[in-house]
Amino acid sequence: MDELSLGDPWLLSTDIGPVIDAAAKQRLDAYVAGKLSDERLLHRLATPPTGHFVAPALVEVSGMADLPGEVFGPILHVARFRVQALDKVLAEINAAGYGLTFAVHSRIASRIAAITGAIQAGNIYINRNQIGAVVASQPFGGEGLSGTGPKAGGRRYVGRFMHPAGTDTGSMPIAGPEIGFDDVQTAIARATPDPGGTPTETEHYPGPVGESNELRLFPRGLVLCLGPTVDDLRRQVDMARRRGNTVLAVSPEPVALGAPCLVGRLPPALLRDLTGFAAVISFAAPGERAAIRQALAAREGPILPLVSRPEDAWRLSVERHFCTDLTAAGGDVQLIASASA
């Protein structure tokens with residue numbers, strides 16, 4: 001830390017610049033000052049006399065429970081734990097809801113696989129630093145409270161700025177009794193899957209020699225399929241399951257879908273407060289879809305997607321990029337093999 005230079009970010013000699021404004025500085029300084037009282041501040045640097053600089057600080061914490069939320073500044077938190085508690089630590093990290101980047105350093109392949117399979121973060125770095133994502137090699141973007149959509153620099157990014165030409169009429173809903181909040185929430189609880197760490201698809205991206213870059217698609221979780229017609233529902237259930245998701249369907253009439261199904265109509269307003277689902281599919285007319293979007297936008301927590309076209313089925317997956325320094329664990333095996341040949 002003592003080797004770091006604070007100053008004008010235009011200068012190549014500068015390691016750390018100011019934070020964005022006075023309010024951010026005040027909030028971060030007050031947070032660090034609170035750690036002074038219980039002697040958990042291990043080291044702190046000096047700051048320039050002017051500007052919105054926050055002194056880089058090293059703070060010891062017992063775990064995620066000590067953090068009030070996302071502390072976005074030059075503050076490094078260190079927590080020690082026994083290896084037997086690793087699963088508990090990973091669960092606490094995921095439960096915090098933030099998932100921008102994650103890094104792990106280890107030469108034990110099974111340990112790396114277990115950790116990276118459990119963690120829910122958009123960009124995962126293995127045996128290297130976790131900054132400086134390169135467009136077209138390491139598409140960047142988080143998930144949960146740190147995610148807003150497809151990864152910048154990835155193959156799906158530009159498509160989210162486009163809308164197909166033509167008239168979008170959607171399907172007209174079939175009249176049916178409205179389903180109550182408690183009935184839907186109970187059905188979601190019964191259908192909610194356990195979080196899994198198995199990707200459904202892997203894409204390889206270019207990078208320098210000795211570095212592996214993979215974009216893996218994971219299931220989102222529980223998908224609500226809202227039709228509104230039975231034919232729509234059959235297609236939607238297939239779309240969700242092909243990407244490894246669990247499904248709860250809402251049908252206007254009794255029908256065999258091979259998936260849990262409620263009969264009736266789900267009022268869009270219920271989506272504001274229902275919990276336990278990760279995405280919604282609806283091919284309804286534009287007015288009904290607008291009501292669904294408004295309800296999803298009013299929710300607390302992460303942004304949840306509404307998929308309204310079969311072409312957008314990829315949005316039922318979560319993108320996680322894995323960047324691995326192959327040289328840190330004994331070398332790039334493929335490179336060594338090719339050289340030997």
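Quick notes on the rules
- Residues numbered from 1 in each chain as written.
- Predicted model: local features only at pLDDT ≥ 70, side-chain atom pairs only at ≥ 80, totals over all residues.
- Heavy atoms only, no water.
- pLDDT = per-residue confidence, 0-100.
- Helix = DSSP H or I, 4+ residues; strand = E, 2+ residues; numbered from the N terminus.
- Polar contact = N/O pair within 3.5 Å; in protein donor to acceptor, adjacent residues only side chain to side chain.
- Contact = heavy atoms within 4.5 Å.
- Pairing = 2+ DSSP bridges.
- Axes fitted to C-alpha atoms, helices over the stretch in contact; angles between N-to-C directions.
- Parallel < 35°, antiparallel > 145°, perpendicular 65-115°, else oblique.
- Left-handed = near helix turned anticlockwise from the far one by under 90°.

Undergrad: Looking at this model, I keep getting lost on the confidence of the model for the protein chain. Mind explaining?
TA: Interpretation of the predicted coordinates at a detailed level should be avoided for regions scoring low in pLDDT. A residue-level look at the protein chain finds 94% of positions with pLDDT of 70 or above and a mean pLDDT of 91. Averaged over each element, pLDDT in the protein chain is lowest for helix α7 (residues 333-340) (62) and highest for strand β13 (residues 279-281) (98).

Undergrad: It is not clear to me how the side chain of Arg289 should be interpreted in this structure. Could you clarify?
TA: Take Arg289: it is sitting in helix α6 (residues 286-297). A distance of 2.5 Å separates the side chain of Arg289 from the backbone oxygen of Ala284, its partner in a polar contact. Apart from residues lying up to four places away in sequence, Arg289 is in contact with Asp168, Gly170, Ser282, Phe283, Ala284, Leu306 and Ser308.

Undergrad: Just to check I follow, could you spell out the sheet that holds strand β1 (residues 41-44) for this structure?
TA: Sheets are built from strands paired through backbone hydrogen bonds, the pairs being either parallel or antiparallel. Strand order across the open sheet formed by 3 strands is β1-β2-β3, with mixed pairing between neighbours. Of all the strands in the sheet, the pair left with one neighbour each is β1 and β3 (75-78). Ignoring which end each strand starts from, the neighbouring axes of this sheet average 15° apart. Here strand β2 (residues 57-60) runs beside β3; their pairing, made up of 4 bridges, is parallel. Of the residues in β3, the one forming a bridge with Glu60 is Val78. The sheet strands contacting helix α1 (residues 22-36) are β1, β2 and β3, and the helix crosses β1 at an angle near 130°.

Undergrad: I would appreciate a short explanation of the packing of helix α2 (residues 86-95) against helix α3 (residues 109-118) in the present structure.
TA: The packing of two helices is summarised by the inter-axis angle and the distance between the axes. The contact between α2 and α3 brings their axes to 10 Å, and the two run at 30°. The orientation of α2 relative to α3 falls into the category roughly parallel. In this structure, α2 crosses over α3, and the sense of that crossing is right-handed. In this structure, α2 contributes Leu86, Leu90 and Asn94 to the contact, and α3 contributes Arg111, Ile115 and Ala118.

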